[in-house]
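Survey of secondary and tertiary structure
Residue-level listing of the chains:
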Amino acid sequence: MSDQNLDKMKVRLATTSLAGCFGCHMSFLDIDERLFELTEIAEFDRSPLTDIKHCGPCDIALIEGGVCNSDNVNVVRELRANAKILVAVGACAINGGLPALRNRLDIEEILRRVYRDPVTDEPRVPSSIELPLALDKVYPLNEIVRVDYSLPGCPPSGDAIWKFLTDLILGRMPRLDQPLLHYD
Ligand code: SF4
């Protein structure tokens, strides 16, 4: 079979990081040499691994992080529109995680306190149409789009990500036994 036909049979993956710390992507890289195995059966669409900026039709989207601004909303909607299966990866994507600690506070007040003129100490909140608009709080993915699966952990281990992903790729219901399944 030609390389072109083999490529057509590959599962297409997209990954992105929203309001998170990138730790879930770092954990993904912990699959180490299995990345080579993965590239035999899958190819990457939009992902920090490819630097493709927009998602095309794909089979599986792995999303790390919650939704904290207008740009995050656009990204998660784009992935939902293009992916057959959307997975919330890690605590931030599932319930907002650490970034959602700000949800008890007023966003305007946070911005005024964080951005201050170094000389006058007066609030100087950046304002530009190029900056994404901060949302009132950090939302878990399932409050913005339909989520098909959640992969818990902060972060889920590389072994857990590998097991979950290969189950999906091979058409099996993803199943994590102890000790792969954890919530911290
Ligand atoms: S779940 Fe944990 S590791 Fe993953 S992005 Fe959030 S804080 Fe980082």
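Refer to the structure printed above.
Residues numbered from 1 in each chain as written. Predicted model: local features only at pLDDT ≥ 70, side-chain atom pairs only at ≥ 80, totals over all residues. Heavy atoms only, no water.

The next subject is the overall build of the protein. Across its full length, the protein holds seven helices and seven strands. Along the protein, from the amino end to the carboxyl end, the secondary structure elements read α-β-α-α-β-β-β-α-β-α-α-β-β-α. With respect to the three principal axes, the spread of C-alpha positions in the protein is 70 × 35 × 30 Å. Looking at the protein as a whole, 41% of its 184 residues are labelled buried. Taking the contacts inside the protein whose residues are at least 6 apart along the sequence as the reference set, 75% of them involve residues at least 24 apart. Here the protein displays about 10800 Å² of accessible surface, and carbon together with sulfur accounts for 54% of that area. Computed over 20 positive and 28 negative side-chain charges, the separation of the two mean positions in the protein equals 5 Å. (Helix = DSSP H or I, 4+ residues; strand = E, 2+ residues; numbered from the N terminus. Buried < 20%, exposed > 50% of the residue type's maximum accessible area, 1.4 Å probe, protein only. Contact = heavy atoms within 4.5 Å. Areas by Shrake-Rupley, 256 points an atom, 1.4 Å probe, with all protein chains shown as cover. Lys, Arg positive; Asp, Glu negative; His and termini not counted. Charge placed at Lys NZ, Arg CZ, Asp CG, Glu CD.)

Take unusual backbone geometry next. With glycine set apart, most residues show a phi of negative sign, and most peptide bonds adopt trans. Put simply, Cys-154 and Pro-155 share a cis peptide bond, and its omega is -5°. One can find Pro-155 in the loop between strand S7 (149-151) and helix H7 (158-169). Each neighbour pair has its own omega, and for Gln-178 with Pro-179 the value is 5°, a cis peptide bond. For Pro-179, the position within the fold is in the segment after H7. If you check the backbone angles, Phe-22 has positive phi at about 75° while not being a glycine. With respect to the helices and strands, the residue Phe-22 is situated in the loop between strand S1 (11-17) and helix H2 (23-29). Looking at Phe-22, the relative accessible area reads 32%, which means it is partly exposed.

Looking at the ligand, the residues that line it are Gly-20, Cys-21, Gly-23, Cys-24, Glu-64, Gly-90, Ala-91, Cys-92, Gly-153, Cys-154 and Pro-155. Among the elements of the structure, H2 and helix H5 (91-95) are those that each provide at least two residues to the shell around the ligand. Considered class by class, the residues forming the shell around the ligand number six nonpolar, four polar and one charged. (Near = heavy atom within 4 Å. Nonpolar A, V, L, I, M, F, W, Y, C, P; charged D, E, K, R; others polar.)

A few words on the nonpolar core. Of all hydrophobic cores here, the largest spans 21 residues; its most connected members are Leu-13, Leu-38, Ile-60, Val-87 and Leu-165. Among the elements that make up this core, the one with the highest residue count is H7 (seven residues). Excluding residues that lie within four positions of it along the chain, Leu-38 makes contacts with Leu-13, Phe-28, Ile-31, Phe-44, Trp-162, Leu-165 and Ile-169. Counting 19 residues, the second-largest nonpolar core is a separate cluster that includes Ala-14, Cys-58, Val-76 and Ala-88. (Core = buried A, V, L, I, M, F, W, Y, C linked by side-chain atoms within 4.5 Å.)

Turning our eyes to something else, we now look at the environment of Leu-35. Within the fold, Leu-35 resides in helix H3 (residues 34-41). Between the C-alpha atoms of Leu-35 and Val-67, which are 32 residues apart in sequence, the distance is 28 Å.

What follows concerns the pairing of strand S5 (residues 83-89). With respect to burial, S5 is a largely interior element, five of its seven residues being buried. Bridge analysis of strand S3 (residues 58-64) against S5 gives six bridges, and the strand direction is parallel. Within the sheet, the bridge partner assigned to Leu-62 lies in S5 and is Val-87. Here S5 pairs with S7 via three bridges, running parallel. Paired with Val-89 across the two strands is Leu-151, which belongs to S7. (Pairing = 2+ DSSP bridges.)

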